[in-house]
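Coordinate analysis (summary)
Here is how the chains run, residue by residue.
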Amino acid sequence: MSDLQIRKITGNIGAKVAGVDIARPLDDETVTELREALNVHKALVFDVVNLDDASQQAFVRHFGDITTAHPTVPSVDGTPNVLPVDSERGRAANHWHTDVTFVLNPPQATSLRSITIPPYGGETLIANAAAAYRDLPEPLRALADTLWAEHTNDYDYAVPEEALDEQQAAARAQFTSIKYRTVHPVVRVHPLTGERGLFIGGFAQRIVGLSTGESRKLLDLFQSYVTRPENVLRHRWSENQLVIFDNRITQHYAIDNYDGLPRRLHRVTVAGDVPVGIEGKESYSIEGDAAHYTPVAVPVAA
């Protein structure tokens, strides 16, 4: 019997985990319990973890093979699987998104470890996309079930080119240095739990078969259910924390409310499977090869 303690943070998403030292190798029973907890709660918070880059990667590997840092953005120096989420490199994450949905098989899980935390602000919001789907009125659920959306990394983040300074322009050029376009179901079936979730977010730019304007209205409507306060965990960071969330059925948002003070997290992601819609059809790629970034995972039950 493990000593794992799991306590819900909100009714719809998030749990705090205690009774385990994730800096050490974990036994099979503990790993199974953590995987099941992630399936149920969608986001897990660990306090006082005392991890470095190597031990963060070792912990995350309990959930599957890890990806390299990012398809286009450089990793931490000398650590190809760790992405620095650093305020000095820009604040592109302050929009609702699911990580790297512009590739064919986005990560199944994302881990973030606190390195430098501002004295105020800088929270991360994490939303339960399965709860959002359940909240939809039946006519909207029936519509969403039929839709597919094109996701891309080549878009303007709602900031026009002329509004960017030199550093921001360079970061955007880096982010889009390889262009990706992938079509995913608007309603994704979770491969382990069978739950349906809205699989949209900031990289979803157009509904297949609709105009840009029509797409935006529908995506905004569906997105409003994802970001309902009842479906959102607002995580206030402290030092030496790790948060891991199920990237298949959540969205997240890094709040830019810390007056430009230093803020740095390190991100490690778990390779994911190809999303599947409710009729069993898989996502498909239009442009961009992400083989250098991630293998295609086969879902493994907890």
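Look up: the structure comes first, before these words.
Residues numbered from 1 in each chain as written. Predicted model: local features only at pLDDT ≥ 70, side-chain atom pairs only at ≥ 80, totals over all residues. Heavy atoms only, no water.

**Some points on the sheet that holds strand β6 (residues 124-128)**
The antiparallel open sheet is built from three strands, whose spatial order is β12-β6-β14. Of all the strands in the sheet, the pair left with one neighbour each is β12 (232-235) and β14 (250-254). Within the sheet, the average angular offset between the axes of one strand and its neighbour, ignoring direction, is 20°. Alignment of β6 against β12, held across four bridges, turns out to be antiparallel. The partner of Leu125 across the bridge, within β12, is Arg234. (Pairing = 2+ DSSP bridges. Helix = DSSP H or I, 4+ residues; strand = E, 2+ residues; numbered from the N terminus. Axes fitted to C-alpha atoms, helices over the stretch in contact; angles between N-to-C directions.)

**Remarks on helix α1 (residues 28-41)**
Under the 1.5 Å per step criterion, the end-to-end length of α1 is 20 Å for 14 residues, consistent within 8% with the ideal 20 Å. Where α1 is buried, its residues contact β1 (5-8), β2 (15-18), β3 (43-46), α2 (53-60), β5 (109-116) and β13 (242-246). The opening residue of α1 is Asp27, an N-cap whose side-chain oxygen sits 3.1 Å from the backbone nitrogen of Glu29. Lys42 sits one or two residues past α1 and shows a positive phi near 75°. (Expected span 1.5 Å × (residues − 1). Contact = heavy atoms within 4.5 Å. Polar contact = N/O pair within 3.5 Å; in protein donor to acceptor, adjacent residues only side chain to side chain.)

**Remarks on the nonpolar core**
In this structure, Leu34, Leu44, Phe46, Phe59, Leu242 and Ile244 are the most contacted members of the largest nonpolar core, which totals 24 residues. For this core, the secondary-structure elements that each account for two or more residues are β2, α1, β3, α2, β13 and β15 (264-270). The leading source of residues in this core is α1, at four residues. With residues up to four places along the chain from it excluded, the contact list for Phe59 reads Ile22, Leu26, Leu34, Phe46 and Leu242. The next biggest cluster of nonpolar side chains, apart from the first, holds 23 residues, and it includes Tyr133, Ile207, Tyr225 and Val226. (Core = buried A, V, L, I, M, F, W, Y, C linked by side-chain atoms within 4.5 Å. Buried < 20%, exposed > 50% of the residue type's maximum accessible area, 1.4 Å probe, protein only.)

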